[in-house]
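The lines below spell out each chain.
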Amino acid sequence: MKIYTCTPVRFRGGDMFFSRESGLFCKGLEKLGVQTRAILPGAPIEDKDPLLMRVPYSDLESPIFWRSLSLDGLILYSWAAPRYYPIARALKEANVPFLVNVDSSGLVSSLANSRLWSRHAVPYLLRSLFHRKEWRSGLSSLVDNYFRIHRIAHARARTFEEATAVGAVTPLGVLWLQQELKQLGRNDLTTKIFHLPHPQPDDFVYSGSAKRKIVISVARWEREDWLQKNPRLLVDSLISFLGQRAEWKALVVGRGASALLRRLKIRPCEALRRVDFVDFIPMRDLVPYYDRAMIGFWSSRGEGQIGAGAQALCFGCSVVAGDLGTLTCFSDYITRESGRLGLSYTARGLSEALILEAAAWENNQRIPGRISNIWAPEFAVSNVARKAISMLRL
């Protein structure tokens, strides 16, 4: 069997690429004995792994190129974005079965859920207009949804029409993508959409070691990521929580973490003495930190699927986050006694959720081995790859 993955973006091809999402998916297929490679466009950037295949972008839109590979299937990480539709069309013309991955909360337009779009997506997009990195995409999304909504939604549906299957990374994402299709009168396409989470390494499993009263948060904390990650809310929530629970500590990890307090102009306080801010740690080196922590905590305004949250669950942590339509992965993550959402997306709401979650651990209502046994198999790359193969009907 010959199944490749493809991401139509010129990402770096180093170790980090093969530790997550489409790169890790490729490794999972290889582990199952599938002949596989990961396709990226453009000139090499830090390419090391022989599984990586670089091609001119124009090849991705060519049926001749796809026929030349003699593939049994392809995993296309394209978000079903209309600008990548020519790739989907080329794959269809080449008779290559393919699964399109939609790395999104599922709240792709007001057609998916008009109430939550107005309540959660619009404020996020309005904020993006004042952000140097995000303003173009934010403005484009607002224009699309208020002036071109049906045209953009139909363009997304065209990719679904060409695809053999569609993988949404959250269960609510499945429902909301289906709802958008129903609003377009395309009920015929709804059966193509399945839940397919981003994979994690097969050996990401809780070791059974003693858990400690630690809250861990892993993300990118550079200034350009603040709009999405909302570090001010994270720190304010931790200050409130730790100010009431003196026996707990916190660990904030990720690029830019060590400079957060200075950049946010937050004054030192007693609670912050129990927070360690550590810059980037390679994924494998994070394992002992997840293994010791009790709670994973995220303050993001919006995500597709937070991989660090899935990793925390694999290692037996419970999770806490905001209750947002733009953050649907946590609506799944907190099920099966694995965490909770804040009653409000504020420092008070999230710190109260942390306090309740800490009490659940102290009252033996959170069992790390049970949490790991539930989630590690669901995210294990071998199992995710097997599910994708099944979705491709191979």
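Refer to the structure presented above.
Residues numbered from 1 in each chain as written. Predicted model: local features only at pLDDT ≥ 70, side-chain atom pairs only at ≥ 80, totals over all residues. Heavy atoms only, no water.

Colleague: It is not clear to me how the nonpolar core should be interpreted in this structure. Could you clarify?
Modeller: A general trend in soluble globular proteins is that nonpolar side chains are found buried together. Counting residues in hydrophobic clusters, the biggest one holds 64 residues, and the most contacted among them are Val215, Leu238, Val252 and Phe330. Once you skip the residues sitting within four places of it in the chain, Val215 turns out to touch Leu238, Phe241, Trp248, Lys249, Ala250, Leu251, Ile295, Phe297 and Leu354. Val55, Leu71, Ala157 and Val174 belong to the second-largest nonpolar core, a separate cluster that totals 49 residues. (Core = buried A, V, L, I, M, F, W, Y, C linked by side-chain atoms within 4.5 Å. Buried < 20%, exposed > 50% of the residue type's maximum accessible area, 1.4 Å probe, protein only. Contact = heavy atoms within 4.5 Å.)

Colleague: Before we go on, may I ask you to explain the environment of Phe18 in this structure?
Modeller: Looking at the secondary structure, you find Phe18 in the loop between strand S1 (3–6) and helix H1 (21–31). A residue is classified by how much of its surface remains accessible, and Phe18, at 8% relative accessible area, is buried. Apart from the residues within four sequence positions on either side, Phe18 is in contact with Gly13, Gly23, Leu24, Cys26, Lys27, Ala38, Asp49, Leu51 and Leu52. (Helix = DSSP H or I, 4+ residues; strand = E, 2+ residues; numbered from the N terminus.)

Colleague: Is there a simple way to explain the sheet that holds strand S4 (residues 73–77) in this structure?
Modeller: Through backbone hydrogen bonds, the strands of a sheet pair up, either in parallel or in antiparallel fashion. Reading across the sheet, the seven strands line up as S3-S2-S1-S4-S5-S6-S7 and stay open at both edges, with parallel pairing between neighbours. The open sheet has two edge strands, strand S3 (52–55) and strand S7 (193–195), and neither has a second partner. Sheet twist, expressed as the average angle between the axes of neighbouring strands with direction ignored, equals 25°. As judged from the three bridges shared by strand S6 (residues 165–168) and S7, these two strands associate in the parallel manner. In the sheet register, Ala168 faces S7, and the bridge partner there is His195. (Pairing = 2+ DSSP bridges. Axes fitted to C-alpha atoms, helices over the stretch in contact; angles between N-to-C directions.)

Colleague: Just checking my understanding: could you explain the sheet that holds strand S9 (residues 249–253) for this structure?
Modeller: With parallel pairing, the six strands of this open sheet are ordered in space as S10-S9-S8-S11-S12-S13. Strand pairing shows two members of the sheet lacking a second neighbour, strand S10 (275–278) and strand S13 (339–341), which therefore form its edges. Going across the sheet, the axis of each strand differs from the next one's by a mean of 20°, ignoring polarity. Against the sheet, helix H10 (residues 231–244) engages strand S8 (214–218), S9, S10 and strand S11 (295–297), with an angle of about 165° to S9.

Colleague: Where do I start with helix H17 (residues 381–391) in this structure?
Modeller: Spacing of three or four residues puts side chains on the same side of an α-helix, whose turn is 3.6 residues. Within the sequence span of H17, burial applies to Val381, Ser382, Val384, Ala385, Ala388, Ile389 and Met391. Downstream of H17 by one or two residues, Arg393 has phi in the positive range, about 60°.

Colleague: Teacher, can you tell me more about the packing of helix H5 (residues 114–128) against helix H6 (residues 135–147) here?
Modeller: The relative placement of two packed helices comes down to the angle between their axes together with the axis-to-axis distance. In the contact formed by H5 and H6, the axes pass within 7 Å of each other and the chain directions differ by 140°. With respect to their mutual orientation, H5 and H6 come out oblique. In the packing of H5 onto H6, the handedness of the crossing is left-handed. Each of Trp117, Val122, Leu125, Leu126 and Ser128 in H5 lies in contact with H6, whose residues at this interface are Trp135, Gly138, Ser141, Leu142, Asn145 and Tyr146. Counted by class, the contact of H5 with H6 contains seven nonpolar, four polar and no charged residues. (Parallel < 35°, antiparallel > 145°, perpendicular 65-115°, else oblique. Left-handed = near helix turned anticlockwise from the far one by under 90°. Nonpolar A, V, L, I, M, F, W, Y, C, P; charged D, E, K, R; others polar.)

Colleague: When you look at unusual backbone geometry in this model, what are you seeing that I'm missing?
Modeller: Most of the time, phi is negative for any residue but glycine, and the peptide bond is trans. In this model, Ser70 sits at a positive phi of 50°, which is unusual for a non-glycine residue. Structurally, Ser70 is set in the loop between helix H3 (63–69) and S4. The phi dihedral of Lys265 falls on the positive side, at around 60°, and the residue is not glycine. With respect to the helices and strands, the residue Lys265 is situated in the loop between helix H11 (260–264) and S10.

Colleague: Would you explain helix H8 (residues 171–183) in this entry?
Modeller: In this model, H8 (13 residues) spans 19 Å end to end at C-alpha, consistent with the 18 Å of a helix rising 1.5 Å per residue. Among the residues of H8, those classed as buried are Gly173, Val174, Trp176, Leu177, Gln178, Glu180 and Leu181. On the buried face of H8, the contacting elements are strand S5 (98–102), H5, helix H7 (149–162), S6 and S7. Looking one or two residues beyond H8, the residue adopting positive phi is Gly185, at roughly 80°. (Expected span 1.5 Å × (residues − 1).)

Colleague: It is not clear to me how the pairing of S6 should be interpreted in this structure. Could you clarify?
Modeller: It is a general feature of regular strands that their side chains alternate between the two faces of the sheet. Residues Ala165 and Gly167 point to one face of S6 and Val166 and Ala168 to the other, with burial holding for every one of them. A crossover links S6 with its parallel partner S7, the connecting element being H8, and its sense is right-handed. (Right-handed = clockwise from strand over helix to strand, strands pointing away.)

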